[in-house]
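Survey of secondary and tertiary structure
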Amino acid sequence: MDSQSLNVKDDDESCPIPQVELTVPKTDDPTMPVVTFRVWVLGLAACVLLSFVNQFMWYRTNPMSLSSISAQIAVVPLGHLMAQSITTRKFFQGSSWEFSLNPGPFNVKEHVLITIFANSGAGSVYATHILSSIKLLYKKKLAFLPAVIVMTTTQILGFSWAGIFRKFLVDPAEMWWPGNMVQVSLFRVLHEKEKRAKLSLSRTQFFILVLISVFAYELLPSYLFVTLTSISWLCWTAPKSVTMQQIGSGQHGLGLGSFAIDWSAISSYLGSPLVSPWFATANVAAGFFIFMYVIVPLSYWMNIYKAKSFPICSSSLFMSNGTKYHIDSIINTHFQLDQEAYATIGPIHISNFFAMTYGLNFAALSATVVHVALFHGRYVIS
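Residues numbered from 1 in each chain as written. Predicted model: local features only at pLDDT ≥ 70, side-chain atom pairs only at ≥ 80, totals over all residues. Heavy atoms only, no water.

Here the focus is the confidence of the model for the protein. Averaged over the protein, the pLDDT score is 84; the fraction of residues at 70 or greater is 95%. In this model residues 1-6 is a low-confidence stretch, pLDDT under 50, and it forms five contacts with partners more than four residues away in sequence or in other chains. (pLDDT = per-residue confidence, 0-100. Contact = heavy atoms within 4.5 Å.)

Put into structure tokens, the structure is as follows:
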């Protein structure tokens, strides 16, 4: 049986989304080994490494994040190295337990599964915020077992919700995820062989050229000249003016007129504008403009809820007079709220921007439910 007959393809199946139709191949080779020794070694290593690095870097003011695409690229040479160096000997040959550490060349299915492993550990655990707050802010110790239970519970809860909503968010052909199209294209570049046309670049050559260019580009603002991360020229015109700092600062103000050449700063509000469709990018940009340059300034300079007593943009906690609120001063020795101390010191205040951000997040949750009910309610019910 030749290799072409092993590719199962159904030309009648077409995706209603043009981007998916052009990107995702319809062929399959069922003879490719999938759950191999290479998958377990490289997949677990990528999962643990990305989990550690992203959680470690999360505590920085400007955290660095490594996505599963980093592992997707890094494991390619390692996979091919293991395919060439590990023995092809079959263990327990002739029995139902027969297996081989090296079943053949490193293939795309192994690569995809390794990337799934890496992606499962790429995101930081949200419950770590709780544990970090207890240790760093409240100076308390939490036993190992309760800490593991808290973190495991939140993770399992997330996977459970994902499984419950799979038939709504994954199975329908209309539910496509633009970020995945980038990874699918990268898989094809790294594994499919193509003939290069004369005086043109192949997809692999183009990928390597872009990779080198981006590395050289990011080297300047990220390491050699970090000031380029945020250039607030309005602040330079009046360095002693508080109002000008509030308007022009890209880190502590509205960032009006501030610009950056660091791609992480450019794409921070959406992840990557090159991946998301135009309507999504425009929608987020419009919402950002209305929130950042209309709602926040008006509520601040109209002094709503005494907003001028605190910085315009800050995530810190404040007292009524604008000084920093020491949260440990209202916690007793039993790690409970001290009612008397709280009554004496006064309630906690937050900045105008911080309050608006929380309100917007809660509004977005409600808006998502209402949007689905209005536009897709019939489909969900059916």
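This next bit is on the packing of aromatic side chains. One pass over the structure, following the stated rule, counts 14 aromatic pairs. Centroid distance Tyr300 to Trp301: 5.3 Å. Interplanar angle 90°. Geometry classified as edge-to-face. Under the relative-accessibility criterion, Tyr300 is labelled buried at 4%. Taking the centre distance of 5.1 Å and the plane angle of 55° together, the rings of Phe354 and Tyr358 count as tilted. Taken together, the positions of Phe354 and Tyr358, both in helix H16 (residues 352-381) and four residues apart, correspond to about one turn of that helix. Tyr358 gets classed as partly exposed once you look at its relative accessible area, which sits at 45%. An aromatic cluster is defined as three or more aromatic residues linked by ring pairs; in this entry it consists of Phe91, Phe92 and Phe99. (Phe/Tyr/Trp six-rings, centres within 6.5 Å; stacked < 30°, edge-to-face > 60°. Buried < 20%, exposed > 50% of the residue type's maximum accessible area, 1.4 Å probe, protein only. Helix = DSSP H or I, 4+ residues; strand = E, 2+ residues; numbered from the N terminus.)

Turning next to the pattern of salt bridges. In total, this model carries six salt bridges according to the counting rule given. Close ionic contact of Arg188 with Glu192 constitutes a salt bridge, the shortest N to O distance being 3.0 Å. Residue classification places Glu192 among the partly exposed positions, given a relative accessible area of 32%. (Salt bridge = Lys/Arg side-chain N within 4 Å of Asp/Glu carboxyl O.)

Moving on, we come to helix H4 (residues 68-85). For H4, which comprises 18 residues, the first-to-last C-alpha distance of 25 Å matches the rise-based estimate of 26 Å (1.5 Å per residue) to within 8%. Val75 marks where H4 bends most, by close to 35°; the proline Pro77 follows one to four residues later. Here H4 has its buried residues at Ser68, Ala71, Gln72, Val75, Val76, Gly79, Met82 and Ala83. (Expected span 1.5 Å × (residues − 1). Bend = angle between axes of the 7 residues up to and from the residue.)

Moving on to the side chain of Thr128. Looking at the secondary structure, you find Thr128 in helix H6 (residues 128-137). Exposure remark for Thr128: the relative accessible area of 8% places this residue in the buried category. Polar contacts involving the side chain of Thr128 include one to the main-chain carbonyl oxygen of Val125, which spans 2.9 Å. Those residues within four positions of Thr128 in sequence are excluded, and the remaining contacts are Gln55, Tyr59 and Met151. (Polar contact = N/O pair within 3.5 Å; in protein donor to acceptor, adjacent residues only side chain to side chain.)

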